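If you want the building blocks of each chain, they are given just below.
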Amino acid sequence: MSELVSVQIDNHVAEVCLNRPEKFNALSWPMFEAITAAGKALSADRSVRAVVIHGAGDHFCAGLDLENFAEFGPGVDIFGPGRGGAGNWPNYYQSPAWVWREMPVPVICAIHGVAYGGGLQIALGADIRIAHPECRLSVMEIKWGIIPDMAATQTLRDLLRLDVAKELTFTGRVVEGVEAADIGLVTQLSEAPLEEARAMAAAIAERNPDAISLGKYLLDATRGGETQAGLALEEALQKRLLGSPNQLEAVMAGLAKRRPDFGDRSFGGYYELDN
C-alpha cells in the first residue's frame, strides 16, 4: 500500500490514514489512486467489519493539491482515457469518495482541522462523520470556478435540505463543527473524534457482520425509492440472514450470555447482491 495512505487492520476494524501531513493531506494524483486502491482492497477483505478514516497531523484533508492544476492547460482532456467518460462511473476523480459508499461495511470518518473541497467529499462518502467542534468544512470548489466533482452532488443532497446544499455549493463558505452538526453535515461532535470513531467501529465489529452489511446495503439501496420495492428487498435480505451461521451464532451467544464468535461476512461486495 502507498505510504501516502496507511492501512492497519486490528480486531476486524480497518484504519485508513491519509498520510501527507506536511501538505495538510492535500490530494495529489498518487494519493487519489492510493485511496481508491485502499478502499477496493478493504471491500474485498471479508474479515473487515468496519472502517475508520482519518488524517495524519493537524487536519483531515485540505482538498486538492493545487499543483494538480498545472496539467489542466488549454486542450487537455482531463476526462481522457482512464480518468472518465466511456460510460464508466465512478470515474477517476469520483472514486476516492465513492469507494466508501460502495464499501460493504460501515465507514466512520473522524474529522479534525479542515475538510475542504475534495477532503469534505471523501468524508461525505463515509456512513458516519464524527467531527471536532472546532473543525472547518467547505464545499470549496466554487473558489476555483468549478462544481464538486468527487461525488458530493450525490452525497450532499442525501444529508442536507436541498436549499442548504445549494447554498454551500454556490458560496463555498466555511462551516464550523457546531453548525455542521446542526445542519446534518456531520453526524456528531467529539473533542476526540478519532478515539470516538475507533470506539464506535469496535462496537460495530462485535455484531453479526452479515446483518451489518446487509443493513447498510438495504438503507442505501432503497433511499428515495418506491416503498413496495424497499419492503420486498427488506424481506429478501432477512430471508438470507435467518438461519445463517452468523445469525445463529448471535442467538446462541445471546442465550448463553457470552461474547459471540462470528465468522467472516458471507459476501465480498455489493456487486454480489446487485447481480
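Residues numbered from 1 in each chain as written. Predicted model: local features only at pLDDT ≥ 70, side-chain atom pairs only at ≥ 80, totals over all residues. Heavy atoms only, no water.

Mapped onto the elements of the fold, Arg 49 is located in the loop between helix H1 (29-44) and strand E3 (50-55). No salt bridge is formed by the buried Arg 49. Its closest oppositely charged neighbour is Asp 264, at 5.0 Å. Within polar-contact distance, the side chain of Arg 49 engages the backbone oxygen of Phe 262 at 2.9 Å. Setting aside its immediate chain neighbours within four residues, Arg 49 contacts His 12, Val 105, Pro 106, Ile 204, Ala 205, Pro 209, Phe 262 and Gly 263. (Helix = DSSP H or I, 4+ residues; strand = E, 2+ residues; numbered from the N terminus. Buried < 20%, exposed > 50% of the residue type's maximum accessible area, 1.4 Å probe, protein only. Lys, Arg positive; Asp, Glu negative; His and termini not counted. Salt bridge = Lys/Arg side-chain N within 4 Å of Asp/Glu carboxyl O. Polar contact = N/O pair within 3.5 Å; in protein donor to acceptor, adjacent residues only side chain to side chain. Contact = heavy atoms within 4.5 Å.)

This next bit is on the pairing of strand E2 (residues 13-18). Most of E2 is tucked away, with six of its six residues classed as buried. Of the two faces of E2, both are covered, the one formed by Val 13, Glu 15 and Cys 17 as well as the one formed by Ala 14, Val 16 and Leu 18. Relative to E2, strand E1 (residues 5-10) runs antiparallel, the two being bridged by six bridges. Of the residues in E2, the one forming a bridge with Ser 6 is Cys 17. Between E1 and E2, which pair antiparallel and follow one another directly, the connecting turn spans two residues, one of which, Asn 11, has a positive phi of 50 degrees. Here E2 runs beside E3; their pairing, made up of six bridges, is parallel. By the bridge assignment for E3, Val 13 is matched with Ala 50. (Pairing = 2+ DSSP bridges.)

A few words now on the sheet that holds E1. For sheets, the rule is that strands pair by backbone hydrogen bonds, running either parallel or antiparallel. Spatially, the six strands line up as an open sheet ordered E1-E2-E3-E4-E6-E9, and their pairing is mixed. The open sheet has two free edges, formed respectively by E1 and strand E9 (188-189), since each of these has just one partner strand. Docked against the sheet, H1 engages E1, E2 and E3, running at close to 20 degrees with respect to E1. (Axes fitted to C-alpha atoms, helices over the stretch in contact; angles between N-to-C directions.)

Before going further, it helps to examine the sheet that holds strand E7 (residues 136-138). Here we have three strands laid out as an open sheet, ordered E5-E7-E8, and mixed in their pairing. The sheet terminates laterally at strand E5 (114-116) and strand E8 (175-176), the two strands that pair on one side only. Across three bridges, the pairing between E5 and E7 is parallel. Across the sheet, residue Val 114 finds its bridge partner in E7, namely Arg 136.

Below, the discussion takes up the nonpolar core. Most often, soluble globular proteins have nonpolar side chains that are buried together. Counting residues in hydrophobic clusters, the biggest one holds 49 residues, and the most contacted among them are Val 51, Phe 60, Trp 100, Ile 111 and Leu 137. Only E2, H1, E3, helix H2 (95-101), strand E4 (107-111), helix H3 (118-124), helix H4 (152-159) and helix H5 (162-171) provide two or more residues apiece to this core. Here the element with the most residues in this core is H1; it accounts for seven residues. Excluding residues within four positions of it along the chain, Ile 111 makes contact with Phe 60, Ala 123, Arg 129, Ile 130, Ala 131, His 132, Cys 135, Leu 137, Val 186 and Pro 193. Residues Ala 110, Leu 194, Ala 197 and Ile 204 belong to the second largest nonpolar core, which totals eleven residues. (Core = buried A, V, L, I, M, F, W, Y, C linked by side-chain atoms within 4.5 Å.)

In this model, H1 (16 residues) spans 23 Å end to end at C-alpha, consistent with the 22 Å of a helix rising 1.5 Å per residue. What H1 keeps buried is the set Trp 29, Met 31, Phe 32, Ala 34, Ile 35, Thr 36, Ala 38, Gly 39, Leu 42 and Ser 43. On its buried face, H1 sits against E1, E2, E3, H2 and H3. (Expected span 1.5 Å × (residues − 1).)

The next point concerns helix H9 (residues 227-241). With 15 residues, H9 extends 21 Å between its outermost C-alpha atoms, agreeing within 8% with the 21 Å of an ideal straight helix rising 1.5 Å per residue. Buried within H9 are the following residues: Gly 230, Leu 237 and Leu 241. Viewed end-on, H9 has its buried residues packed into an arc of 45 degrees, placing them on one side of the element. In H9, the exposed residues that point more than 90 degrees away from the buried face are Gln 228 and Lys 239. (Arc of directions from axis to C-beta.)

So, about the pattern of salt bridges. Under the counting rule described, the total for this entry stands at eleven salt bridges. Of the charged contacts, one joins Arg 223 and Asp 158 as a salt bridge, the two residues approaching to 3.3 Å between their closest N and O atoms. Taken together, the residues Arg 223 in the loop between helix H8 (209-222) and H9 and Asp 158 in helix H4 connect sequence positions 65 residues apart. Look at Arg 223 and you get exposed, because its relative accessible area is 51%. Take Asp 158: its relative accessible area is 24%, and that puts it in the partly exposed class. For Glu 179, the salt bridge identified is with Arg 173, shortest N-O distance 2.6 Å. Accessibility expressed as a relative area gives 28% for Glu 179, which makes it partly exposed. Arg 173 gets classed as partly exposed once you look at its relative accessible area, which sits at 31%. Here the salt bridges share partners, and the residues they tie into one network are Arg 101, Asp 158 and Arg 223.

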